[in-house]
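# Chain and residue survey
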Amino acid sequence: MDWRFWIILPLAGFTLGWIIRWLYARFQLTASEQNAERIKQDAIKEAEAKKKEILLEAKDLVIRERNQQERETRERKAELQRYERRVFQKEESIDKKIAQIEKTEQILGEKEKSFQEREESLDKEEERYRAELERISGLSTEEAKALIIQDLENEAKHDAQSLINKIEQEANLAGEKKARDVLVATIQRLATEVTGEVTVATVTLPNDEMKGRIIGREGRNIRAIETLTGVDLIIDDTPEAVILSGFDPIKREIARISLEKLIVDGRIHPARIEEMVEKAEKEVTNIIKEEGEHACFEIGVHNLHPELVKLLGRLKYRTSYGQNVLKHSIEVAQLAGLMAGELGLDTKVAKRAGLLHDIGKALDHEIEGTHVDIGIDVLRKYRESDLIINGMSAHHGDYEPKSLEAILIAAADALSAARPGARRETLETYIKRLQKLEEIANTTRGVEHSYAIQAGREIRIIAKPDEIGDDEIAYLAREISQKIESELEYPGQIKVNVIRETRAIDYAK
């Protein structure tokens, strides 16, 4: 074979393969175009069908909306027609009422005219009758009017006084019964001592030789005691006793405890005295704190500032007319709480304000002012409520009470101080008070005699029957009670009992 055969054969094979590949690719392109055309036609048909479907739905929607609008329009027209009929009916009703009112006004105008004519006629008749009455009685109109007014005034005064007396008697009976019930229930539930404890100012000695040891060499021991305690020691001829004299009850108590400790110890010299005084001060401080806490616990008062508790404890060594102020404060708190419970008031407020009502007396020997003003400052300092401060400040009438609890505290304070045996009173002061009470009554117009009875708790007055009528004895009792309140100082309350009687005496012969 020739070499050219080997060259032509591969070339022919390559050419044949390329031709076959081209024919295959051409055939494939034609099939794809046909497929694409077919898909396009299907899409066009589907879109046409969808378009027709959407158009049909739109037509249906338009038809439904049109029907809905027509139906609403018909309903609105019907509603408007109903409104028109109602308005027309109301207009007819208003026209009828206007016509009726006009007719009524016409009738009233005619009646008013008739009344005016009748009133003019009556005025003329009244003038004629008045002139005739003046001619018959011989009195002018003003004179007759004055006489009638005077008679009416006297009658009204008599009726008013009778009504006042009746109301006062009923009110007094009801008030006294209610107050008596509350006080009896309160006092029955409260057990207390007859008299308060009085601070002891005397120290008993085992023998008279102890007096010399207390004085010491050249008086150094007694000077040390007086200097450290601020209390004067009085050593006189009183057998086996030393008297402590000092204004401050706390210092006096410290001096008493120190002296008793020194007597028991037996070693009395300035250094030992200083040591015992220091121990006594700590002991008294602890006692004050414990007494304040015990008082709060006994009454049931909680959350009290520690300084107020200490001030309460200081009242243990404070007395008023021989009555221990701490026991008095506890008693007032108990009485106020019990009365508040009986009357349905706030017992916590009543007890708290009652316990603190004399808190100013713990400082009145150190700070100038009344114990009420001092107490107000102290309670404000330790942030007590205005209700508690008012209850404390109003218990002596220095300030106006703003609550019923404040009134109860004043009543409880008077009850605790005025009960028998609560306070000491000298015979001279007692007699002067009774004399002054009778003098106030005897200097009042219409009083014949007066007698102070019931230890000055009641004054019985005999009125002059020719000067004071039955309707005036209430005024007389009130006048005398007001004079007593303004001119006399007294514990508790005084009953003014006015008696008027007329006696007819004859003799059978």
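Throughout this document, residue positions are counted from 1 along each chain, in the order its sequence is written. At least 70 in pLDDT is required for a residue's local features to be given in this predicted model, at least 80 for side-chain atom pairs to be given and counted, and no such filter applies to totals for whole chains, interfaces and linings, which use all residues. Water and hydrogen atoms were dropped before computing side-chain values, which therefore reflect all heavy atoms in the structure.

## Here we look at a nonpolar patch on the surface
Basically, it comes down to this: To count toward a patch, a residue needs a relative accessible area above 30% and no salt bridge. Like charges then connect within 9 Å, nonpolar side chains (Val, Leu, Ile, Met, Phe, Trp, Tyr) within 5 Å. We get accessible surface area from the Shrake-Rupley algorithm with a probe of 1.4 Å; when it comes to residues, only the shown protein chains can shield them. A carboxyl oxygen of Asp or Glu within 4 Å of a side-chain nitrogen of Lys or Arg is what we treat as a salt bridge. Exposed residues in this analysis have more than 50% of their type's maximum accessible area, buried residues have under 20%, and partly exposed residues fall in between, with area computed by a 1.4 Å probe over protein chains only.
A cluster of nonpolar side chains, contributed by Trp18, Ile19 and Trp22, occupies part of the molecular surface with about 370 Å² of accessible area. The class for Trp18 is exposed, based on a relative accessible area of 53%.

## What to know about the confidence of the model for the protein chain
Basically, it comes down to this: A residue's pLDDT is the confidence the predictor assigns to it, expressed on a 0 to 100 scale. Counting from the N terminus, the helices are DSSP H or I runs at least four residues long and the strands are E runs at least two residues long.
The pLDDT averaged across the protein chain works out to 79; a share of 82% of its residues lies at or above 70. Confidence scores differ between elements of the protein chain, with helix α2 (residues 141-189) showing the lowest mean pLDDT of 64 and helix α9 (residues 347-355) the highest of 89.

## Some details on the side chain of Ser258
Operational definition: Polar contact is the term for a pair of N or O atoms within 3.5 Å; when the atoms are in protein, one must be able to donate a hydrogen and the other to accept it, and sequence-neighboring residues count only if both atoms are side-chain atoms. Residue contacts are defined here by distance: any two heavy atoms, one from each residue, within 4.5 Å place the two residues in contact.
With respect to the element layout, Ser258 can be found in helix α5 (residues 249-265). Accessibility expressed as a relative area gives 2% for Ser258, which makes it buried. From its side chain, Ser258 meets the backbone oxygen of Ile254 in a polar contact 2.7 Å long. Dropping the residues within four chain positions of it, Ser258 is found in contact with Met276, Val277 and Ala280.

## Some words on the sheet that holds strand β1 (residues 202-204)
Selection criterion: Paired strands, as defined in this entry, are two strands with at least two bridges between them according to DSSP. An axis is simply a line fitted to the C-alpha atoms; with a helix, the fit covers only the stretch in contact. Between two such axes, the angle follows the N-to-C directions and lies from 0 to 180 degrees.
On the basis of which strands lie adjacent, the open sheet formed by three strands has the order β1-β3-β2 and antiparallel pairing. Each edge of the sheet is formed by a strand with only one pairing partner; in this case those strands are β1 and β2 (232-234). Adjacent strand axes in the sheet meet at a mean angle of 25° when their direction is disregarded. By the bridge criterion, three bridges tie β2 to strand β3 (residues 241-245) in an arrangement that is antiparallel. Within β3, the residue paired with Leu233 across the bridge is Leu244.

## So, the pattern of salt bridges
For the structure shown, the criterion picks out 14 salt bridges. Arg272 is paired through a salt bridge with Glu275; the nearest N and O atoms lie 3.0 Å apart. Residue Arg272 and its partner Glu275 are both found in helix α6 (residues 270-299); the two are separated by three residues, about one turn of the helix. Assessed through its relative accessible area of 12%, Arg272 is described here as buried. Across the pair Glu275 and Lys279 runs a salt bridge, and its minimum N-O distance is 3.6 Å.

## Quick notes on helix α10 (residues 371-381)
The α-helix advances 3.6 residues per turn, and as a result positions three or four apart in sequence lie on the same side. Within α10, burial applies to His371, Val372, Ile374, Gly375, Ile376, Val378 and Leu379. The secondary structure elements touched by the buried residues of α10 are α7 (306-314) and α11 (386-393). Taken from the residues just after α10, Arg383 is the one with a positive phi, measuring 60°.

## Things to note about unusual backbone geometry
Phi at Asn303 takes a positive value of approximately 60°, unusual for a residue other than glycine. Along the chain, Asn303 turns up in the loop between α6 and α7. Judged by its relative accessible area of 76%, Asn303 falls in the exposed class.

## Some details on the pairing of strand β8 (residues 495-499)
Across the two faces of β8 the burial differs, with Val496 and Val498 buried and Lys495, Asn497 and Ile499 not buried at all. Pairing between strand β7 (residues 458-463) and β8: five bridges, direction parallel. Within β8, the residue paired with Glu458 across the bridge is Lys495.

## Quick notes on the packing of helix α4 (residues 220-229) against α6
Note the threshold: In this scheme, roughly parallel covers angles under 35 degrees and roughly antiparallel covers those over 145, while 65 to 115 is roughly perpendicular and the rest are oblique. For any pair of crossing helices, the crossing counts as left-handed if the nearer helix is rotated counterclockwise from the farther one by less than a right angle, and right-handed if it is rotated clockwise.
Here α4 crosses α6 at 25°, and the two axes come no closer than 9 Å. Looking at the two axes, α4 sits roughly parallel to α6. The two elements α4 and α6 cross, and the hand of that crossing is right-handed. For the pair α4 and α6, contact is made by Arg220, Asn221, Ala224, Ile225, Leu228 and Thr229 and by Pro270, Ile273, Glu274 and Val277, respectively.

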